[in-house]
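Residue-level structure breakdown
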Amino acid sequence: MLPRLPSPLREIGDDRFARRGVRLLLKRDDLIHPELTGNKWRKLAPNLLAAGGRTVLTFGGAYSNHLRATAAAGRLLGLPTVGVVRGQELAGRPLNPSLARCVADGMRLHFIDRSTYRRKSEPETLAALLRATACEEAYVVPEGGSNALAVRGCTALGEELRGHADIVALACGTGGTLAGLCGGLSPGQRALGIPVLRGGFLGAEIRALQVEAFGGPRGAWFLDDRFHFGGYARTPPELDAFAVDFERRHDLPVERLYVAKSLYGLVALTQEGAFPRGTTVAAVITGSPGPS
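Residues numbered from 1 in each chain as written. Predicted model: local features only at pLDDT ≥ 70, side-chain atom pairs only at ≥ 80, totals over all residues. Heavy atoms only, no water.

**Comments concerning the sheet that holds strand β5 (residues 108-112)**
With respect to topology, four strands assemble into an open sheet ordered β5-β4-β3-β6, the strand pairing being parallel. Across the chains shown, the open sheet's two edge strands, defined by having one partner strand only, are β5 and β6 (139-140). Bridging between strand β4 (residues 81-86) and β5 involves five bridges; their strand directions are parallel. Paired with R86 across the two strands is I112, which belongs to β5. (Pairing = 2+ DSSP bridges. Helix = DSSP H or I, 4+ residues; strand = E, 2+ residues; numbered from the N terminus.)

**Comments concerning the packing of aromatic side chains**
Between two aromatic rings, the relevant description is the distance of the centres plus the angle of the planes. Evaluated as defined, the whole model comprises six aromatic pairs. Through a chain of ring-to-ring contacts, the aromatic side chains of F227, F229, F242, F246 and Y264 assemble into a single cluster. Taking NZ or CZ as reference, R86 lies 5.2 Å from the ring centre of Y117, over its face. (Phe/Tyr/Trp six-rings, centres within 6.5 Å; stacked < 30°, edge-to-face > 60°. Lys NZ or Arg CZ within 6 Å of the ring centre and 35° of its normal.)

**Notes on the side chain of N47**
Looking at the secondary structure, you find N47 in helix α2 (residues 39-51). Of the polar contacts made by the side chain of N47, one reaches the backbone oxygen of K43; its length is 3.1 Å. The residues touching N47, leaving out its near neighbours within four places in the chain, are Y139, V141, G145, N147, L149 and A150. (Polar contact = N/O pair within 3.5 Å; in protein donor to acceptor, adjacent residues only side chain to side chain. Contact = heavy atoms within 4.5 Å.)

**Digging into helix α6 (residues 123-132)**
Regarding α6, the residues found buried are T125, L129 and L130. All buried residues of α6 fall inside an arc of 135° around its axis, so they share one side. Looking at α6, the residues exposed on the side facing more than 90 degrees away from the buried face are P123, E124 and R131. Where α6 is buried, its residues meet β3 (56-60), β5, α5 (114-118) and β6. Backbone geometry just after α6 places A134 at a positive phi near 55°. (Buried < 20%, exposed > 50% of the residue type's maximum accessible area, 1.4 Å probe, protein only. Arc of directions from axis to C-beta.)

Structure follows, in structure tokens:
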């Protein structure tokens, strides 16, 4: 579980940014830990400490990076883990590579229907799930790992970037990393979130997380909802072609569900002239490609 911190920060040359007078830095959080990459380490570490050796139960979809990271952490620390997976119809099918990796790392999977999954944070529904999994005493981590402990854990990311960039950009799922990152940035720095899910709900979620973690809003941030490519786990050919090109240009493995969308969004925004000449943008590489 020992991390590589602070994670490396390096400037890369990319003509799509250079001709607009924009410097691009990569914050390589994917190199923090070989199995708990990026924001997953930053969010999970304080929660695993709080678990105190108890079973950790958490939630995710069929391709959840969070489930995979939690399973890996359980194996490394000798903690039992249970993953509640969205989609009862998946219970009778062969496991995809992501869920198979969870099982290989010792996670016990429990599949539930999508209606119940949407109500998972309601006290009665959660209590029923804990009974159904025989985990009444488990430590519960929310979907994506985003809670007050995780948000405070992510403030270090902002602190590591103080004085290095005008804009810090990253892909967002549940919003916990962005909520915490803002708490560590210096005045004058702004965070840009690229949501990977549709719905336009993330702003309210980030504000609620900051209230829970800090008692109120922290930092300056904004969202651009245009680059989700249809929703989570949607990776159309255009996005894949972009990721392959970026990998070739910069010798960087590009994770498709989050990182590719954030990098695509940054290229598009730069070409639109969204960043004044002389702006330095730091792109947080929040994870690495999973099993295939």
